[in-house]
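# A structural walkthrough
So you can see what is in the structure, the chains are spelled out below.
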Amino acid sequence: MAENTSQSHSGPSAEERLPTPAADPVPEDGDSVFDEISAYSETTSLTSTILNYRRENGRTYHAYKAGSYILPNDNVTGVDLSPIQPSFVPPNVSFFVDDLEAEWTYTRPFDFIYMRAMTGSIRDWPKMFRQAYENLSPGGYIELMDPIYPVTSDDGTVPKESAVFKWSTLMNEAAHKLGTGLDSGLRYKDQLIDAGFTNVTEAPYKWPMNTWPKDLKLKELGAWGNVNLVGGVQGLSMFLFTKMLGWSTDELEVFCVDVRKDMCNKEFHGYWRVNVVYAQKPE
Ligand SMILES: C[S@@+](CC[C@H](N)C(=O)[O-])C[C@H]1O[C@@H](n2cnc3c(N)ncnc32)[C@H](O)[C@@H]1O
């Protein structure tokens, strides 16, 4: 799906570039999303052919001019505000509690910076990208992946007055009041270019709201996304609705019931736009 859009500020929107998924007829009995996707394996693995590194003693080393440099090339640093990471991790992985919006004080440059699902967390994305640029080695990459609120559809089956459309619109409005926005993924490409990155590439995806598509891959994506959001809707909403929009917790709980129902309604061909954006620091 990726298209090389190096140094270009404009480009077609996700809707223009991605086909509209065909809808699966809604069955009259039951709606177990997992029954429908049982043809998929849970354990499909990546092949090692994407990694040309030399492997030794459980570590990886550079392949080009193998043996000429003594340190492994595989150390991974993870950062979050909360110490929520598992402790059982490989020896080359270190997690730190840190605020990514504060000044970065890392002592060595990174080869790769990856940020997933950080929309709504970061107030100042241009500053984030400036710091990422300064902390990357020449030729290093940054990649981001974020959903874009509100929910949308290609065929108008998600009504503007539906609870899920109202919810996702209000979530975005409330996050903007907070100084950020749940549509920050729309701006990453331009902001990365402004920060000096090259080979800036935006790859838009559609993540269905539930198992409404006919296509099995999209159906599976919809199943997982649905479980994630139906289970998470109250936690996602609580701060934004009570603190930023002034709702009571009781009002919100009642609203969440309708939002969850809509999220599972397969007559709504809703999807989340998801932008994957990656870019390179010039050599
Ligand atoms: C939606 S979660 C995504 C977590 C993880 N990246 C993933 O994809 O599973 C957002 C995370 O960002 C963290 N976060 C929010 N603001 C942050 C900041 N200023 N610095 C570092 N982490 C932050 C939160 O603690 C939370 O764990």
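In case you missed it, the structure is sitting above this.
Conventions used here
- Residues numbered from 1 in each chain as written.
- Predicted model: local features only at pLDDT ≥ 70, side-chain atom pairs only at ≥ 80, totals over all residues.
- Helix = DSSP H or I, 4+ residues; strand = E, 2+ residues; numbered from the N terminus.
- Buried ≥ 20, exposed ≤ 12 C-beta atoms within 10 Å, placed from the backbone.
- Expected span 1.5 Å × (residues − 1).
- Arc of directions from axis to C-beta.
- Axes fitted to C-alpha atoms, helices over the stretch in contact; angles between N-to-C directions.
- Parallel < 35°, antiparallel > 145°, perpendicular 65-115°, else oblique.
- Left-handed = near helix turned anticlockwise from the far one by under 90°.
- Contact = placed C-beta atoms within 7 Å.
- Nonpolar A, V, L, I, M, F, W, Y, C, P; charged D, E, K, R; others polar.
- Near = placed C-beta within 6 Å.
- Pairing = 2+ DSSP bridges.
- Core = buried A, V, L, I, M, F, W, Y, C linked by C-beta atoms within 7 Å.

All right, on to the overall build of the protein then. Summing up its helical and strand segments, the protein has seven helices and eight strands in all. Put simply, the protein has 283 residues, and 27% of those count as buried.

Taking 1.5 Å per residue, 15 residues should reach 21 Å; helix 7 (residues 249–263) reaches 20 Å between its end C-alpha atoms and fits that length. For helix 7, the complete set of buried residues consists of C256, V259, D262 and M263. The buried residues of helix 7 all sit within an arc of 120° when viewed along its axis, so they share a single face. For helix 7, the exposed residues set more than 90 degrees away from the buried face come down to D250, V254 and V257.

Quick look at the packing of helix 6 (residues 216–244) against helix 7 now. Packing of helix 6 against helix 7 leaves a shortest axis separation of 10 Å and a crossing angle of 150°. Looking at the two axes, helix 6 sits roughly antiparallel to helix 7. Of the two possible hands of crossing, helix 6 and helix 7 adopt the one that is right-handed. In this structure, helix 6 uses N226, L229, V230, V233, Q234, S237, M238, F241 and T242 to contact helix 7, whose residues at the interface are T249, L252, C256, V259, R260 and M263. Considered class by class, the residues forming the contact of helix 6 with helix 7 number nine nonpolar, five polar and one charged.

Around the ligand, a shell composed of V79, D80, L81, S82, I84, D99, L100, E101, R116, A117, M118 and S121 is seen. For the shell around the ligand, a count of residues per class yields six nonpolar, two polar and four charged.

Turning our eyes to something else, we now look at the pairing of strand 8 (residues 271–280). Taken across its 10 residues, strand 8 has seven buried, putting it largely inside the fold. As defined by bridge partners, strand 7 (residues 198–208) adjoins strand 8 across nine bridges and the pair is classed as antiparallel. Opposite A203, over in strand 8, you have V276 as the bridge partner.

Attention now goes to the environment of L178. In this structure, L178 sits in the loop between helix 4 (163–177) and helix 5 (188–194). It is 9.9 Å that separates the C-alpha atoms of L178 and S121, two residues lying 57 residues apart in sequence.

The subject of this paragraph is the sheet that holds strand 8. Across the sheet, four strands lie side by side as 5-6-8-7; this open sheet has mixed pairing. The open sheet has two edge strands with one neighbour each: strand 5 (110–116) and strand 7. This sheet shows a mean twist of 10° between the axes of neighbouring strands, independent of strand direction. Pairing of strand 6 (residues 136–152) with strand 8 involves nine bridges; the strand directions are antiparallel. Across the sheet, the residue bridging to P147 is V274, located in strand 8. Helix 6 rests against strand 7 and strand 8 of the sheet, and its axis sits at about 80° to strand 7.

With that settled, the discussion passes to the environment of K243. Tracing the chain through its elements places K243 in helix 6. Sequence separation of K243 and L178 is 65 residues, and the distance between their C-alpha atoms is 9.5 Å.

The biggest cluster of nonpolar side chains holds 25 residues, and the ones touching the most others in it are V151, V164, M171, M209, V259 and W272. Once residues within four sequence positions are removed from consideration, M171 is found in contact with Y149, L182, S237 and L240. Judged by nonpolar contacts, the second largest core, of 16 residues, contains I113, A132, A195 and F197.

At a closest axis distance of 9 Å, the pairing of helix 4 and helix 6 adopts a crossing angle of 65°. Judged by the inter-axis angle, helix 4 sits roughly perpendicular to helix 6. With respect to the hand of their crossing, helix 4 and helix 6 are arranged in left-handed fashion. Contacts between helix 4 and helix 6 pair M171, A174, A175 and K177 from the former with S237, L240, F241 and M244 from the latter. A breakdown of the residues in the contact of helix 4 with helix 6 according to their chemical character gives six nonpolar, one polar and one charged.

Turning to unusual backbone geometry, a few remarks are in order. For the bond from Y149 to P150, the omega torsion is 0°, close enough to zero to count as cis. Looking at where P150 falls in the secondary structure, it is placed in strand 6. The phi dihedral of A117 is positive, around 55°, even though this residue is not glycine. Turning to its location among the elements, A117 is positioned in the loop between strand 5 and helix 3 (125–134).

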